[in-house]
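Breakdown of the fold
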Amino acid sequence: MKEVDVVIIGSGIAGISAAIYLKRSSLSFVLLDKSMPGGKLNIIHRIDNYPGYPSISGLELSKSLLEQCKQLGIEFSYGEVNKVEKVDSNFLTRTDVDSYLSKVVIVASGLSEAKLNIPGEKQYFGKGVSYCATCDGPFFKNKDVAIYGYKDFAFEDAIYLSSLVNRLYFILPKSPLATETHLNEVKKAKNITIFDGYSLKEIKGDNKVNSIVINKDNENKELEVSAIFPLFEQISSSSFLSPLSIKMSNGFIDADKDGKTNVDGVYAVGDIVNKKLRQLINAASEGALAAISSINYVRSKK
């Protein structure tokens, strides 16, 4: 078991921002992630609303952040967090690799795509069912595919896929929650067909996906596709916090403007927080605020 002042869970832009500010202090910390540093940045096709970058891919921005971390001497530790629990006045963070005892925990674990739990979804995962268009889109170049979703991240991925595939069926189950720019791009794309008001009922195939069944007004329609991207909702990655009784709303952590939760010493930042706007710009800001709050918290206990 390792002892540090602060454990940061998640190395997306919020977690990295917190690490950068903590590095400027005398506090010790560990920056944890279960996969590639940069988080969701690594699968964002295009960013055009981050100050200083008129247009940049998520991967490019991620590489820039990692280079900054390297220059500052910030190291990344790997492991999937299984549980965070209180031990006296400290916190014990257990991963599948190691355990960490700390005075503060900053939760920046982000979101993951929700499963629809429909026939064929689990069976054909990795065989035409994918939750990451940027990761798997190139495998379906010049083929017919479908996206199921209605939020901005689904529209963003639809725009990306339309540059690769032959035909994209956009299954839109409800009124879109997307920026006007993304809405217009999808509507203008010549190879995107929108099925408005349809729900996704079933994914069919043999050894891989070959069609989907959609439904509207109790009438089914079957579409031949090589892949389906179910991008309906995103859920917070926070089950490991259950021993702490963190206050949550609609599956997201309640935190104040400084990232403070109802548990002293636990801060939450980024997409996992219950808030109106989930953008890179405020995630970075939240990471910085939580780091400063953590520094003040640790110093107050000495």
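Remember, predicted model here, so these are calculated numbers, not experimental data. (Residues numbered from 1 in each chain as written. Predicted model: local features only at pLDDT ≥ 70, side-chain atom pairs only at ≥ 80, totals over all residues. Heavy atoms only, no water.)

Enumeration over the complete set of coordinates arrives at 1 disulfide. Put simply, Cys132 and Cys135 are joined by a disulfide, and their sulfur atoms are 2.1 Å apart. An S-S torsion of about 70° defines the bridge between Cys132 and Cys135 as right-handed. You can call Cys132 buried: its relative accessible area is 11%. (Disulfide = S-S within 2.5 Å. Buried < 20%, exposed > 50% of the residue type's maximum accessible area, 1.4 Å probe, protein only.)

Our next topic: the packing of helix α1 (residues 13–23) against helix α2 (residues 58–72). Packing of α1 against α2 brings their axes to within 11 Å, and their N-to-C directions diverge by 20°. Our classification of the angle between α1 and α2 gives roughly parallel. Seen from above, α1 lies across α2 with left-handed handedness. From α1, Ile13, Ile16, Ile20 and Lys23 reach across to α2, where they touch Leu65, Leu66, Gln68, Cys69 and Leu72. Here the residues of the contact of α1 with α2 sort into 7 nonpolar, 1 polar and 1 charged. (Axes fitted to C-alpha atoms, helices over the stretch in contact; angles between N-to-C directions. Helix = DSSP H or I, 4+ residues; strand = E, 2+ residues; numbered from the N terminus. Parallel < 35°, antiparallel > 145°, perpendicular 65-115°, else oblique. Left-handed = near helix turned anticlockwise from the far one by under 90°. Contact = heavy atoms within 4.5 Å. Nonpolar A, V, L, I, M, F, W, Y, C, P; charged D, E, K, R; others polar.)

Successive side chains on a regular strand alternate, one facing one side of the sheet and the next facing the other. Where strand β14 (residues 209–216) meets strand β15 (residues 219–224), 6 bridges bridge the pair, whose relative direction is antiparallel. The residue of β15 that forms the bridge with Ile212 is Leu223. Between β14 and β15, which follow one another and run antiparallel, lie 2 residues, and Asp217 among them has a positive phi close to 55°. (Pairing = 2+ DSSP bridges.)

This part covers α2. Between its first and last C-alpha atoms α2 spans 21 Å; for 15 residues at 1.5 Å apiece the expected length is 21 Å, and the two agree. When we look at burial in α2, the residues that qualify are Gly58, Leu61, Ser62, Leu65 and Cys69. Take α2 and look down its axis: the buried residues cluster within an arc of 100°, on one side only. Exposed positions of α2 whose direction lies more than 90 degrees from the buried face are Lys63, Lys70 and Gln71. Each element contacted by the buried residues of α2 is listed here: α1, β4 (76–78) and α6 (280–300). Gly73 sits one or two residues past α2 and shows a positive phi near 80°. (Expected span 1.5 Å × (residues − 1). Arc of directions from axis to C-beta.)

Before going further, it helps to spend a moment on the pattern of salt bridges. Throughout the structure, instances matching the rule amount to 11 salt bridges. For Glu185, the salt bridge goes to Arg46, with nearest N and O atoms at 3.0 Å. Pair noted here: Glu185 is in helix α5 (residues 180–188) and Arg46 is in the loop between β3 (29–33) and α2, with a separation of 139 residues, a long-range link. Glu185 sits in the partly exposed class, given a relative accessible area of 28%. Note that Glu286 is salt-bridged to Lys275, the shortest N-O span being 2.8 Å. Residue Glu286 is located in helix α6, and its partner Lys275 is located in the loop between β20 (266–268) and α6; the two are separated by 11 residues in the primary sequence. Taken individually, Glu286 and Lys275 each receive the classification buried, so the pair is uniform in this respect. (Salt bridge = Lys/Arg side-chain N within 4 Å of Asp/Glu carboxyl O.)

This next bit is on the sheet that holds strand β5 (residues 81–87). Across a sheet, strands are paired by hydrogen bonds formed along the backbone, either parallel or antiparallel in direction. Strand order across the open sheet formed by 4 strands is β1-β7-β6-β5, with mixed pairing between neighbours. The sheet is open, and its two edges are formed by β1 (2–3) and β5, each paired on a single side. Of the strand pairs in this sheet, strand β6 (residues 90–95) and strand β7 (residues 99–102) are connected by 4 bridges, and their pairing is antiparallel. Within the sheet, the bridge partner assigned to Phe91 lies in β7 and is Ser102.

Once that is clear, we can look at the layout of surface pockets. Each pocket or cavity is described by its volume, and for the second largest pocket that value is around 160 Å³. In this structure, the second largest pocket is lined by Ile13, Ile16, Ser17, Ile20, Tyr21, Tyr50, Leu65, Gln68, Ala284, Ser285 and Ala288. Elements represented by at least two residues in the lining of the second largest pocket include exactly α1, α2 and α6. Broken down by element, the residue count for the lining of the second largest pocket peaks at 5 residues, all from α1. (1 Å grid on protein atoms, 1.4 Å probe; cavity = no way out; pocket = protein on both sides within 12 Å on 5 of 7 lines; lining within 4 Å. Points joined across faces, edges and corners; volume = space filled by probe spheres on them.)

Pairing is antiparallel in the open sheet, where 3 strands are placed in the order β13-β14-β15. Two strands close off the open sheet at either side, each with one partner strand: β13 (199–205) and β15. Strand-to-strand twist across the sheet, computed as the mean angle between neighbouring axes with direction ignored, equals 25°.

This brings us to unusual backbone geometry. Located in the positive-phi region is Asn218, a residue other than glycine, with phi close to 65°. Structurally, Asn218 is set in the loop between β14 and β15. The exposed category is assigned to Asn218, whose relative accessible area is 74%. In this structure, Ser245 takes a positive phi of about 55° despite not being glycine. Turning to its location among the elements, Ser245 is positioned in the loop between β17 (234–236) and β18 (248–249). What makes Ser245 exposed here is its relative accessible area of 57%.

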